[in-house]
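Each chain is listed here by its residues.
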Amino acid sequence: MSESPRTPNPHDLHEVVVTVNGVTRSAQVPARRLLSDMLRHDLRLTGTHVGCEHGVCGACTVLLEGEPIRSCLTFAVMVDGARITTVEGLADPDGELGPVQRAFRECHGLQCGFCTPGFLLLTTELIARSPEPDDGEIRDALGGNLCRCTGYVNIVRSVRRAAELARERT
Amino acid sequence: MKPAPFAYHRPGSVEDATRLLAELGDEAKVVAGGQSLVPLLNFRLAAPAHLVDVNGIAGLDWLDPADGAVAVGATVRHSRLLRDREVAAAHPLLVEATEWIAHPVIRNRGTVCGSLAHADPAAELPAVLALLGGSVEAVAWRGGSLASRRVPAAELFAGPLQTTLEVDELVVAATFPALAAGTGWAVEELARRHGDYALAGVVLTVTVDGDGEPVSGRAAYLSCAPTPVVVDIGPGLGDGAAANGLYDLVASSLDPTDDIHATAAYRRHLAATLTVRALDRALARARTPQLERAAVSDAVAAPTAASSDAGAER
């Protein structure tokens, strides 16, 4: 068997190495560490927010190999070696807000900001895949995330604006 | 809201995985996408001592659309199935049902075989497998070698989140049989919130003769019983009074129960009403030659299935 000779036990620590926003990071974590908690507690990247912790709210959404996933429904140990993007990776290299962040600010796509990191990452992936999304596509992409402040209309506007800003750049 | 501690195993082969399952018995759970299992662990509704991650096993990430049937390996995500053009052409029913599963983000991780092995009565794919008479392939390490068997859907689902699989068995693939010639299909469901589990849902097929008259039909229901229920709707298809006959047939065939989300009477009404709606769409598709289907699908499905998705979450 390719298993280690000793049977793993629940208190073992696992070395998890991930590339977060282009930087290689590692941590020693127990198997039960959720990716959301590894990002926040072990790597001190607290931009990823934790809402419901059972996959309903979407606040913890991050990109795994470019695809949005719920980091609260993913164990860190299962994504060892992966490339991850969090909200901290969305700013421009000079530290200014990136196009998705600017669009949400301009269009009032946030109020309290709790759900915002998840929406920003969904938007980042959507406009990379579909540079001119229509409202149907936008609503389909965002449909799994909850916002209790905005009523979503301004979030949809923000996504359209983010797509415009991204297109202007290219 | 944090899982209880567990030991983590990441076997590199089916042999290693099944040996582990044989050794660990009912102390172990298999994880692939984790989109149903991890919420249960987070809530501590389940606390297995060992988790066996099958994502490290090479050779389970395959899709095979052949002659209209679709076979799917154990680590294929819902989103991969939805992106596959050959699958879309071969099995539009499977695609339409998969679009109803939760949200795109959940479908990026959740697996087809995992949905089946999890056996949630509110999930779409168990109903599809039951409707089509599909099967899963289960393997186990017994007597020093791999033993494989095919478990038909009719024998697979035992109750809510329960299958007839033995604790040492691993689902390595599932097969969704092709639709017969002259067969149309439709999926309808209703949930209170976008992406939630359906209060009730139906996956339906209807087959027409050369004149376009329906000759047989089957419907599978989700969220109406502890397991998917398959109803022969043939007797409800005749004559001009088809709609009422079908409604009554379905209402009298189902025996849902009350719960916090809906009364039994409402669920029964909903299932019967959704069936009548689904039949209209399925008949339109059955009467349309295959090449024109794509256009019809867009036209008849626009308000519901094309852009929405409801299903496995929470």
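In this text the structure is predicted, and so the values were computed from the model without any measurement. Along each chain, the written sequence defines residue order, and numbers are assigned to residues from 1. Here every chain gets a letter starting at A, and every ligand a number starting at 1, in the order they are written. Note on the predicted model: pLDDT of at least 70 is required for a residue's local features to be given, and 80 or more for side-chain atom pairs to be given and counted; whole-chain, interface and lining totals, by contrast, use all residues.

## Side note on the overall build of chain B
Phase 1: Helical segments are the DSSP runs of H or I of at least four residues, strand segments are the runs of E of at least two, and each set is numbered from the N terminus. Summing up its helical and strand segments, chain B has 12 helices and 14 strands in all.
Phase 2: Taking 314 residues into account, the globule formula puts the C-alpha radius of gyration at 20 Å, and chain B, at 20 Å, falls close to it.
Phase 3: Principal-axis analysis of the C-alpha atoms places the extent of chain B at approximately 60 × 45 × 35 Å.
Phase 4: Exposed residues have 12 or fewer other C-beta atoms within 10 Å of their own C-beta, buried residues have 20 or more, and partly exposed residues fall in between, where C-beta atoms are placed from the backbone. Per-residue burial over chain B gives 54% buried out of 314 residues.
Phase 5: Considering only residue pairs separated by 6 or more positions, chain B has 65% of its internal contacts joining residues 24 or more positions apart. With the radius of gyration taken over C-alpha atoms, the globule rule is written as 2.2 Å times the number of residues to the power 0.38. We call two residues in contact when the distance between their C-beta atoms, placed using the backbone, is within 7 Å.

## A few points about the interface of chain A and chain B
Phase 1: Of the residues lining the interface, 31 residues belong to chain A; the matching set on chain B comes to 33 residues.
Phase 2: When contributions to the side of chain A that touches chain B are tallied by element, the ones reaching two or more residues are strand S4 (67-70) and helix H4 (135-142) of chain A.
Phase 3: Among the elements that take part in the side of chain A that touches chain B, S4 of chain A stands out by supplying 4 residues, more than any other.
Phase 4: Gly is placed with the polar residues, together with every amino acid not listed as nonpolar (Ala, Val, Leu, Ile, Met, Phe, Trp, Tyr, Cys and Pro) or charged (Asp, Glu, Lys and Arg). Split by residue class, the side of chain A that touches chain B holds 12 nonpolar, 12 polar and 7 charged.

## What to know about unusual backbone geometry
Phase 1: The residue His108 of chain A is not glycine, and still its phi comes out positive at about 55 degrees.
Phase 2: Secondary-structure assignment places His108 of chain A in the loop between helix H2 (99-106) and helix H3 (116-129).

## Description of helix H5 (residues 92-99) of chain B
Phase 1: Summarising burial for H5 of chain B: 6 of the 8 residues are buried, a large majority.
Phase 2: Every buried residue of H5 of chain B is listed here: Leu93, Leu94, Glu96, Ala97, Thr98 and Glu99 of chain B.

## Considerations on the domain arrangement of chain A
Often, the extent of an interface is quoted as the loss of accessible area on bringing the components together.
Residue and element names in this part refer to chain A.
Phase 1: Examined at the domain level, chain A breaks down into domain 1 (13-89) and domain 2 (99-169).
Phase 2: Domain start and stop points were drawn from an automatic or database domain assignment. Computed over C-alpha atoms, the centres of domain 1 and domain 2 are 21 Å apart.
Phase 3: Each side of the interface is counted separately: domain 1 has 15 residues, and domain 2 has 12 residues.
Phase 4: Listing elements by their share of the side of domain 1 that touches domain 2, those giving two or more residues are strand S3 (61-64) and S4.

## Comments concerning the domain arrangement of chain B
Residues and elements named next belong to chain B.
Phase 1: With domains assigned, chain B is organised as domain 1 (7-52), domain 2 (63-176) and domain 3 (183-293).
Phase 2: Contact with domain 1, which involves 15 residues of that partner, is made by 19 residues of domain 2.
Phase 3: The dominant element in the side of domain 1 that touches domain 2, judged by the number of residues it contributes, is helix H1 (residues 14-24), at 7 residues.
Phase 4: When its residues are assigned to classes, the side of domain 1 that touches domain 2 shows 6 nonpolar, 6 polar and 3 charged.

## Digging into the sheet that holds strand S3 (residues 50-53) of chain B
All names here are of chain B.
Phase 1: In this scheme, strands are said to pair when DSSP sees at least two bridges between them. Ordered by their spatial adjacency, 3 strands build an open sheet running S1-S3-S2, and the pairing between neighbours is parallel. Either end of the sheet is taken by a strand with one partner, and the two such strands are strand S1 (7-9) and strand S2 (28-31). Across the sheet, the axes of successive neighbouring strands diverge by a mean angle of 25 degrees, strand direction being ignored.
Phase 2: Across 4 bridges, S2 lies against S3 in parallel orientation. The partner of Val31 across the bridge, within S3, is Asp53.
Phase 3: Packed onto the sheet, H1 meets S1, S2 and S3 and runs at close to 165 degrees relative to S3. Note on definitions: angles span 0 to 180 degrees between N-to-C directions of axes, and those axes are lines fitted to C-alpha atoms, for helices only across the stretch in contact.

## Considering H1 of chain B
Residues and elements named next belong to chain B.
Phase 1: If you check which residues of H1 are buried, you get Val14, Ala17, Thr18, Leu20 and Leu21. Viewed along the axis of H1, the buried residues span an arc of 155 degrees, placing them on a single side of the element.
Phase 2: Elements in contact with the buried residues of H1: S1, S2, S3, strand S6 (135-142), strand S7 (145-152) and strand S10 (170-176). It is the directions from the helix axis to the C-beta atoms whose arc is reported.

## Considerations on the pairing of S10 of chain B
Residue and element names in this part refer to chain B.
Phase 1: The buried count for S10 comes to 7 of 7 residues, which makes it a mostly enclosed element.
Phase 2: Bridge count between strand S5 (residues 69-73) and S10: 4 bridges; the pairing is antiparallel. Looking at S10, one finds that Ala71 is bridged to Thr175.
Phase 3: Alignment of S6 against S10, held across 5 bridges, turns out to be antiparallel. Within S10, the position partnered with Ser135 by the bridge is Thr175.

## Some words on the sheet that holds S10 of chain B
Residues and elements named next belong to chain B.
Phase 1: The 5 strands are arranged S4-S5-S10-S6-S7 in an open sheet whose pairing can be described as antiparallel. With one partner strand each, in any of the chains shown, strand S4 (63-66) and S7 form the two edges of the open sheet. Direction aside, neighbouring strands of the sheet carry axes that sit 20 degrees apart on average.
Phase 2: Of the strand pairs in this sheet, S4 and S5 are connected by 4 bridges, and their pairing is antiparallel. Across the sheet, residue Pro65 finds its bridge partner in S5, namely Val70.
Phase 3: Across the sheet, H1 is in contact with S6, S7 and S10; its angle to S6 comes to roughly 70 degrees.

## Details of the packing of H4 of chain A against helix H5 (residues 153-169) of chain A
Residues and elements named next belong to chain A.
Phase 1: In the contact formed by H4 and H5, the axes pass within 10 Å of each other and the chain directions differ by 115 degrees. Taken together, the axes of H4 and H5 lie roughly perpendicular to each other. As for the relative orientation of H4 and H5, their crossing is right-handed in sense. Residues Asp135, Ile138, Arg139 and Leu142 of H4 touch H5, and the partners they reach there are Ile155, Val156, Val159 and Arg160.
Phase 2: Tallied by class, residues from the contact of H4 with H5 come to 5 nonpolar, no polar and 3 charged. Angle categories: roughly parallel below 35 degrees, roughly antiparallel above 145, roughly perpendicular from 65 to 115, and oblique for all the rest. For any helix crossing, the convention is left-handed if the near helix is rotated counterclockwise from the far helix by under a right angle, and right-handed if that rotation is clockwise.

## Notes on the environment of Cys115 of chain A
All names here are of chain A.
Phase 1: Within the fold, Cys115 resides in the loop between H2 and H3.
Phase 2: Spatially, the C-alpha atom of Cys115 lies 7.3 Å from that of His49, the residues being 66 residues apart in sequence.
Phase 3: Non-local contacts of Cys115, meaning those with residues more than four positions away in its chain, are made with Ala59, Asn145, Leu146 and Cys147.

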